[in-house]
Amino acid sequence: MGFIKKNLIFTIIMAVCILAFAAGAYFAFAESGKIDQKKQKITSAESQLKSMRSADPAPTPENVEASAENVAELKAGLKKIREDLERGARVTTSTDGIGVMAGIQQFISNYQRKAATLTDKDGEPFEIIVPDDFAFGFEQYLDEATMLDDDELIPVLDKQRQILSYLLNKLYEAEPESIVSVEREFLEQKAEGSSSAKGFAIHPAITAKVPGAINTLAFRLAFTGYTDSLRRLLNDLAKFELPIVVRSIEVDRPSGMSTTAKVPANNDLDAFFGVFDGGSNPELEAPEEAQKPVISENISTFTVVLEFIEIALPAQSAVDKV
């Protein structure tokens, strides 16, 4: 204590220096830790940059520009697909229940009569055999007194009638031997809340329907004939005059063997909806006019499932998703 008292100023200076040294040492240690953290971040960033540069494709200005062009092409392609699908908008429907029921009755009688009064490509008369009291998918409306009291369902029935008219015209032009059945997606039971399977319903695994984005109406045609009739039908449908996509084809041969075939896509819309992904049956390749019949001498039964496609998603929303 005597030393401190004798050298008070020196002692104070030494104490201040010791405190300053301790504070400096603490701050130096803290800054060293921060520097180490910064070095780790820099090392990580350099590693990521090196990884990105070696990626394929690398994010170079050229690749970024190519990516932007690709997105623009995809948007243009999506717009074209939408325009093709929206051809179905020209199917004008009626909400007049009496008129729609009368149209269905006329539809039934017209195609019954037409089946018996056709002529082939050489102008020779021929008949397509249809079952007795055949109503082409509208069997429950054979009775002229039948009326449907559902304002929402009436225009859908009218649309189904018009689509079936188009399909039957194409089928008649394909000159089958007979028509076994014509089925439409039975929507009446859905409107009535019935759980009983009263009509045709497409399997969820093959439908293109997407709630809120894509609406569909499904149909199933069964007919007998030679393979050339099937090919002619598929060729006509491939022209895509209406947005109708073939979902599946089933062939029953005279021997009793059954074949379920996935045929290759006939247009961009088939590919877009994943209609025929996977391998195809070599006996039912793409329907080309020059291709020889697969079943040349035997009449077979063909069952074709089809879907009429409508876009429900707003146009801008569809573009934003690309």
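Residues numbered from 1 in each chain as written. Predicted model: local features only at pLDDT ≥ 70, side-chain atom pairs only at ≥ 80, totals over all residues. Heavy atoms only, no water.

K.L.:
What am I meant to see in the overall build of the protein here?
P.N.:
Along the protein, the regular secondary structure elements total nine helices and seven strands. Within the protein, the fraction of its 322 residues that count as buried is 35%. For the protein, the proportion of contacts with a sequence separation of at least 24, taken over those separated by at least 6, is 78%. Approximately 19200 Å² of the protein is accessible, and the part contributed by carbon and sulfur atoms is 56%. (Helix = DSSP H or I, 4+ residues; strand = E, 2+ residues; numbered from the N terminus. Buried < 20%, exposed > 50% of the residue type's maximum accessible area, 1.4 Å probe, protein only. Contact = heavy atoms within 4.5 Å. Areas by Shrake-Rupley, 256 points an atom, 1.4 Å probe, with all protein chains shown as cover.)

K.L.:
Please explain the side chain of Glu-307 as it appears in this structure.
P.N.:
When you line up the elements, Glu-307 lands in strand 7 (residues 300-311). At 2.5 Å, the side chain of Glu-307 and the side chain of Thr-207 are in polar contact. Of the polar contacts made by the side chain of Glu-307, one reaches the backbone nitrogen of Ala-208; its length is 2.9 Å. The contact partners of Glu-307, leaving out residues within four places of it in the chain, are Ile-202, Ile-206, Thr-207, Ala-208, Thr-216, Leu-217, Ala-218, Pro-243, Ile-244, Val-245 and Arg-247. (Polar contact = N/O pair within 3.5 Å; in protein donor to acceptor, adjacent residues only side chain to side chain.)

K.L.:
Even after reading the chapter, I still don't get the packing of helix 5 (residues 153-173) against helix 7 (residues 227-237), so can you show me in this structure?
P.N.:
Angle between the axes and distance between the axes are the two parameters that describe a pair of packed helices. Direction vectors running N to C along helix 5 and helix 7 enclose 140°, while the axes themselves pass 8 Å from each other. Relative to helix 7, the element helix 5 lies oblique. Seen along the crossing, helix 5 lies across helix 7 with a hand that is right-handed. Between helix 5 and helix 7, the contacting residues are Tyr-166, Leu-167, Lys-170, Leu-171 and Glu-173 on the first element and Arg-232, Leu-233, Asp-236 and Leu-237 on the second. Along the lines of polarity and charge, the residues of the contact of helix 5 with helix 7 split into five nonpolar, no polar and four charged. (Axes fitted to C-alpha atoms, helices over the stretch in contact; angles between N-to-C directions. Parallel < 35°, antiparallel > 145°, perpendicular 65-115°, else oblique. Left-handed = near helix turned anticlockwise from the far one by under 90°. Nonpolar A, V, L, I, M, F, W, Y, C, P; charged D, E, K, R; others polar.)

K.L.:
I'm lost on the pattern of salt bridges in this one. Help?
P.N.:
Once their charged atoms are close, side chains differing in charge can pair, the charge on each being opposite to the other. All told, the structure shown has nine salt bridges when counted by the stated rule. The residue Lys-170 makes a salt bridge to Glu-241 at a minimum N-O spacing of 3.1 Å. Separated by 71 residues along the polypeptide, Lys-170 in helix 5 and Glu-241 in the loop between helix 7 and strand 5 (244-252) bring together distant segments of the chain. The closest approach of N and O atoms between Glu-307 and Arg-247, which form a salt bridge, is 3.5 Å. One end of the pair, Glu-307, is in strand 7; the other, Arg-247, is in strand 5, with 60 residues separating them in the sequence. (Salt bridge = Lys/Arg side-chain N within 4 Å of Asp/Glu carboxyl O.)

K.L.:
Looking at this structure, I do not really get the packing of aromatic side chains. What am I missing?
P.N.:
The description of an aromatic ring pair rests on the distance of the ring centres and on the angle between the ring planes. Summed over the entire model, instances satisfying the criterion amount to eight aromatic pairs. Cluster of aromatic residues (ring-pair linked, three or more members): Phe-107, Tyr-111, Phe-134, Phe-136, Phe-138, Tyr-141 and Tyr-172. (Phe/Tyr/Trp six-rings, centres within 6.5 Å; stacked < 30°, edge-to-face > 60°.)

K.L.:
Looking at this structure, I do not really get the confidence of the model for the protein. What am I missing?
P.N.:
Caution is warranted with low-pLDDT regions, since their predicted coordinates should not be read in detail. Put simply, the protein has an average pLDDT of 78, and 72% of its residues get 70 or more. By mean pLDDT, the top-scoring element of the protein is strand 3 (residues 178-184) (95), and the lowest-scoring one is strand 6 (residues 258-261) (53). Note that residues 193-197 has pLDDT below 50 and, in this model, three contacts with residues that lie over four places away or in other chains. Residue range residues 292-296 is modelled with pLDDT below 50. Its contacts to residues more than four positions away, or to other chains, number 12 contacts. (pLDDT = per-residue confidence, 0-100.)

K.L.:
Hey, could you run me through helix 5 in this one?
P.N.:
Spacing of three or four residues puts side chains on the same side of an α-helix, whose turn is 3.6 residues. An ideal rise of 1.5 Å per residue puts 30 Å on 21 residues; helix 5 measures up with 30 Å between its terminal C-alpha atoms. Here helix 5 lies mainly inside the structure; 17 of its 21 residues are buried. Phi turns positive, to about 55°, at Glu-175, one or two residues after helix 5. (Expected span 1.5 Å × (residues − 1).)

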